[in-house]
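Each chain, letter by letter, is given below.
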Amino acid sequence: MIRGWLVAGVLVLVLSSIGFAKLGNIIFDDKIESLKKAGMPPAVFPHAKHEDIYKCEDCHPNIFKDKRGANDVTMHKNMNGEFCGAAECHNSPKAFPLYMCNKCHIK
Ligand code: HEC
Ligand code: HEC
């Protein structure tokens, strides 16, 4: 009985180390020149927090490619309903709105 639990415990550890662990914060700073000009810090995307609320396929691959730095995000696109501003996201009542700049652009 105890050995069974041990085996299960080891399995969980092994599985989490090969990719079931949540991703942490992802920093968006490709547009560092525009960000500096506007006096805005880079945007921080809390991946784990979003994993808790949504399914992977809610975002990947339609809204965001699942590769760090592979998405050309701008505020113009966000405001036009792409990326962070996609329907059901930060352009809808379901999440804080795009005008709350410093909820994403965090020092
Ligand atoms: C929901 C999150 C979010 C909110 C809210 C948000 N932004 Fe952004 N913003 C981003 C992301 C992500 C990028 C991409 C940054 C990069 O890749 O360098 C970005 C990029 C930018 C850029 C640089 C690129 C560009 O489009 O010029 C500026 C300037 C900017 N944001 C200003 C703002 C301002 C001002 C506000 C508030 C009116 C705001 N942002 C609100 C997520 C957000
Ligand atoms: C709310 C949207 C959202 C959800 C839900 C989401 N992701 Fe992501 N994911 C992103 C964003 C945004 C990025 C960063 C893309 C970038 O840097 O351009 C990302 C990046 C990634 C990356 C690349 C990491 C790297 O270091 O290159 C992987 C892998 C990934 N996600 C897998 C997943 C998996 C697996 C799930 C479900 C458990 C998931 N994502 C759920 C938005 C999401």
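Preceding this paragraph is the structure being described.
For the structure given in this document, a descriptive report is provided here. The residue numbering used here restarts from 1 in each chain and proceeds along that chain's sequence as written. Chains and ligands are labelled by the order in which they are written, letters from A for the one and numbers from 1 for the other. Since the coordinates come from a predicted model, pLDDT governs what is reported: local features require at least 70, and pairs of side-chain atoms require 80 or more to be given and counted, while whole-chain, interface and lining totals use all residues. Water and hydrogen atoms were dropped before computing side-chain values, which therefore reflect all heavy atoms in the structure.

1. Thoughts on the overall build of the protein chain
Line of reasoning, step 1. Along the backbone of the protein chain there are six helices and two strands.
Line of reasoning, step 2. Runs of H or I in DSSP of at least four residues are treated as helices and runs of E of at least two as strands, each being numbered from the N terminus. When the helices and strands of the protein chain are read in sequence order from the N terminus, they spell out α-β-α-β-α-α-α-α.
Line of reasoning, step 3. By residue count, 19% of the 107 residues in the protein chain fall in the buried class.
Line of reasoning, step 4. Residue exposure ignores everything except the shown protein chains as possible cover, and the areas themselves are Shrake-Rupley values with a 1.4 Å probe. For the protein chain, the accessible area works out to roughly 8400 Å², and carbon and sulfur atoms hold 64% of it. Residue exposure (1.4 Å probe, protein chains only): buried if accessible area is under 20% of the type maximum, exposed if over 50%, otherwise partly exposed.

2. Some thoughts on the coordination of the iron atom of ligand 2
Line of reasoning, step 1. The donor set covers N, O and S atoms within 2.8 Å of the metal, switching to 3.2 Å for Na, K and Ca, and it leaves out water, so a site may look short of donors. Around the iron atom of ligand 2, the protein contributes the donor atoms His 47 (NE2) and His 60 (NE2), which lie 2.0 Å from the metal centre.
Line of reasoning, step 2. Taken together, the six donor atoms coordinating the iron atom of ligand 2 and their angles of 88 to 179° define a geometry best described as octahedral. You can see His 47 sitting in helix H3 (residues 47-53) and its partner His 60 sitting in the loop between helix H4 (56-59) and helix H5 (75-79), a full 13 residues away along the chain.
Line of reasoning, step 3. Judged by its relative accessible area of 13%, His 47 is buried.
Line of reasoning, step 4. In this structure His 60 comes out as partly exposed when scored by relative accessible area, which is 22%. Four donors are marked tetrahedral only if all angles between them lie between 85 and 135 degrees, whereas four are marked square planar and six octahedral if opposite donors are more than 155 degrees apart and the other angles lie between 65 and 115; the remainder are marked irregular.

3. Digging into the coordination of the iron atom of ligand 1
Line of reasoning, step 1. Of the protein atoms, only Met 75 (SD) and His 105 (NE2) coordinate the iron atom of ligand 1, at distances of 2.1 to 2.3 Å.
Line of reasoning, step 2. If you look at the iron atom of ligand 1, its six donor atoms make angles of 87 to 178° with each other, and the shape they trace is octahedral. Of this pair, Met 75 sits in helix H5 while His 105 is found in the segment after helix H6 (101-104), placing the two residues 30 residues apart along the sequence.
Line of reasoning, step 3. Owing to a relative accessible area of 36%, Met 75 belongs among the partly exposed residues under this scheme.
Line of reasoning, step 4. You can call His 105 buried: its relative accessible area is 14%.

4. A closer look at the site of ligand 2
Line of reasoning, step 1. Near ligand 2 there are 20 residues, and of these His 47, Cys 56, Cys 59, His 60 and Arg 68 occur at the shortest range.
Line of reasoning, step 2. In the analysis that follows, any N or O atom pair within 3.5 Å is treated as a polar contact, provided that within protein one partner can donate a hydrogen and the other can accept it, and provided that, for residues neighboring in sequence, both atoms belong to side chains. His 47 places a side-chain nitrogen or oxygen 2.8 Å from a nitrogen atom of ligand 2.
Line of reasoning, step 3. Elements represented by at least two residues in the shell around ligand 2 include exactly strand E1 (25-28), H3 and H4.
Line of reasoning, step 4. No other element matches H3, which puts three residues into the shell around ligand 2. Whether a residue is near a molecule or strand depends on its heavy atoms: if one lies within 4 Å, it is near.

5. Concerning the side chain of His 105
Line of reasoning, step 1. From its side chain, His 105 meets the backbone oxygen of Pro 41 in a polar contact 2.8 Å long.
Line of reasoning, step 2. When sequence neighbours within four positions are dropped, the list of residues in contact with His 105 reads Leu 35, Met 40, Pro 41, Pro 42, Ala 43 and Met 75. Pairs of residues are marked as contacts when any of their non-hydrogen atoms sit within 4.5 Å.

6. Focus: the pattern of salt bridges
Line of reasoning, step 1. Salt bridges, as used here, are contacts in which a Lys or Arg side-chain nitrogen is within 4 Å of a carboxyl oxygen on Asp or Glu. By the definition in use, this model includes four salt bridges.
Line of reasoning, step 2. Here Asp 52 and Lys 22 are joined by a salt bridge, their closest N and O atoms 2.4 Å apart. In this pair, Asp 52 is assigned in helix H3 and Lys 22 in the loop between helix H1 (2-20) and E1, connecting sequence segments 30 residues apart.
Line of reasoning, step 3. Among the salt bridges present, the one from Asp 72 reaches Lys 31, with a minimum N-O distance of 2.7 Å.

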